Structure formats: C-alpha cells, structure tokens
Amino acid sequence: QVQIVESGGGLVQPGGSLRLSCAASGFTFNIYYMKWYRQSPGKERELVASITPAGGITNYADSVKGRFTISRDNAKNTAYLQMNSLKPEDTAVYYCRANNLFNADYWGQGTQVTVSS
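It is worth spelling out the overall build of the protein at this point. Check the secondary structure of the protein and you find zero helices and 11 strands. Going residue by residue from the N terminus, the α and β elements of the protein occur as β-β-β-β-β-β-β-β-β-β-β. For the protein, the C-alpha radius of gyration of 13 Å lies close to 13 Å, the compact-globule estimate for 117 residues. Oriented by its inertia axes, the alpha-carbon framework of the protein measures out at about 40 × 25 × 25 Å. Per-residue burial for the protein yields a buried fraction of 43% across its 117 residues. Within the protein, residue pairs in contact and separated by at least 24 positions form 53% of the contacts whose partners lie at least 6 positions apart. Per element, the accessible surface of the protein, about 6200 Å² overall, is 47% carbon and sulfur. With 11 positive and 8 negative side-chain charges, the protein shows a spacing of 4 Å between the two charge centroids.

Structure representation (structure tokens):
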C-alpha cells in the first residue's frame, strides 16, 4: 500500500525556519523524483522544489531560491524541505509528490505552514 505522509508544518514567525518531512512507503523510493508543491487559498498549486532520484539535481521556484533546500535520504525513504527566512507569502498547504518515468504518481495529504507574527 502506497503511503506518503508529510509532517513538520506549523505556525512560525516571519524570518523563522521550518523543516518539512515526507515519509514514503509502498514503492521503490530511490527511483522516484520527489517534489514539493504548495497551495494557498484562491491560488493554483505551484511547484516549489524538486529533486532527482539519486539526489544529484535540484530545482526551485524563483520565489524560494536561496531560502529553501530540498533533500532526500533514500535509506530512510524520506524527502525533506528546509525552509529558512520564511515570509507571510510562504503561507500555504505544502504537498509532497513522488513520480517516476513510468507515469506512477503519488501525492500526500499536505501539511499546513503558516507564517505570521
């Protein structure tokens, strides 16, 4: 049974940091691209960051470059999103997605991140 579970969200003040985790099970984690998306009320879901199966290549949305870092630990079947220098506009539900070259595609349920003083 495939499961993707995000954790680590919460309320943080502007300028603060959070680390999101994405724990995966039920599939061969190390052949999947891992991606973090976010969606805030009234807006479309947007891709925030992605990482290749071996972790060698990462990409980021312009809005988070230099502040967010995506990583993965294939031994633990877990991906991470380290978020620093958070801004109120980073407030959103953050989703983890796993997909591969054979059109397998799995999503988590999301974790809420709220940046507010």
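What follows continues from the structure just given.
We now examine the state of the cysteines. Counted under the stated rule, the structure contains one disulfide. The partner cysteine of Cys-22 in its disulfide is Cys-96, sulfur to sulfur 2.0 Å. Its S-S torsion of approximately -80° makes the covalent link between Cys-22 and Cys-96 left-handed. A residue pair is termed long-range when its members are at least 10 positions apart, and Cys-22 in strand S3 (residues 18-25) and Cys-96 in strand S9 (residues 92-99) qualify at 74 residues. Note on accessibility: Cys-22 and Cys-96 belong to one class, buried.

Another aspect to go through is the environment of Gly-42. Tracing the backbone shows Gly-42 in the loop between strand S4 (33-39) and strand S5 (46-51). For Gly-42, a relative accessible area of 87% puts it in the exposed group.

With that out of the way, let us pick up the nonpolar core. One finds Met-34, Trp-36, Phe-68, Leu-81, Met-83 and Tyr-94 to be the most contacted residues of the largest nonpolar core, which totals 29 residues. For this core, the secondary-structure elements that each account for two or more residues are S3, S4, S5, strand S7 (68-73), strand S8 (78-83), S9 and strand S11 (111-115). Each residue touching Leu-81, except ones within four places of it in the same chain, is listed here: Leu-18, Arg-19, Leu-20, Trp-36, Val-48, Ala-49, Phe-68, Thr-69, Ile-70 and Tyr-94.

This paragraph deals with the packing of aromatic side chains. Aromatic ring pairs are described here by two measures, namely the spacing of the ring centres and the angle between the planes. Counting across every chain of the model gives four aromatic pairs. Put simply, the rings of Phe-27, Tyr-32 and Tyr-106 touch in pairs and so form one group of aromatic residues. The residue whose ring lies beneath Arg-45 is Tyr-95, and the NZ or CZ to ring-centre distance is 3.7 Å. Between the NZ or CZ atom of Arg-72 and the centre of the ring of Phe-29, over which it lies, the distance is 4.5 Å.

With that settled, the discussion passes to the side chain of Thr-52. Tracing the chain through its elements places Thr-52 in the loop between S5 and strand S6 (58-60). Looking at Thr-52, the relative accessible area reads 19%, which means it is buried. Among the polar contacts made by the side chain of Thr-52, one reaches the main-chain amide nitrogen of Ile-57 at a distance of 3.0 Å. Contacts of Thr-52, omitting those with residues within four sequence positions, involve Tyr-33, Ile-57 and Arg-72.

Conventions adopted
Residues numbered from 1 in each chain as written. Predicted model: local features only at pLDDT ≥ 70, side-chain atom pairs only at ≥ 80, totals over all residues. Heavy atoms only, no water. Helix = DSSP H or I, 4+ residues; strand = E, 2+ residues; numbered from the N terminus. Rg over C-alpha atoms; globule rule 2.2 N^0.38 Å. Buried < 20%, exposed > 50% of the residue type's maximum accessible area, 1.4 Å probe, protein only. Contact = heavy atoms within 4.5 Å. Areas by Shrake-Rupley, 256 points an atom, 1.4 Å probe, with all protein chains shown as cover. Lys, Arg positive; Asp, Glu negative; His and termini not counted. Charge placed at Lys NZ, Arg CZ, Asp CG, Glu CD. Disulfide = S-S within 2.5 Å. Core = buried A, V, L, I, M, F, W, Y, C linked by side-chain atoms within 4.5 Å. Phe/Tyr/Trp six-rings, centres within 6.5 Å; stacked < 30°, edge-to-face > 60°. Lys NZ or Arg CZ within 6 Å of the ring centre and 35° of its normal. Polar contact = N/O pair within 3.5 Å; in protein donor to acceptor, adjacent residues only side chain to side chain.

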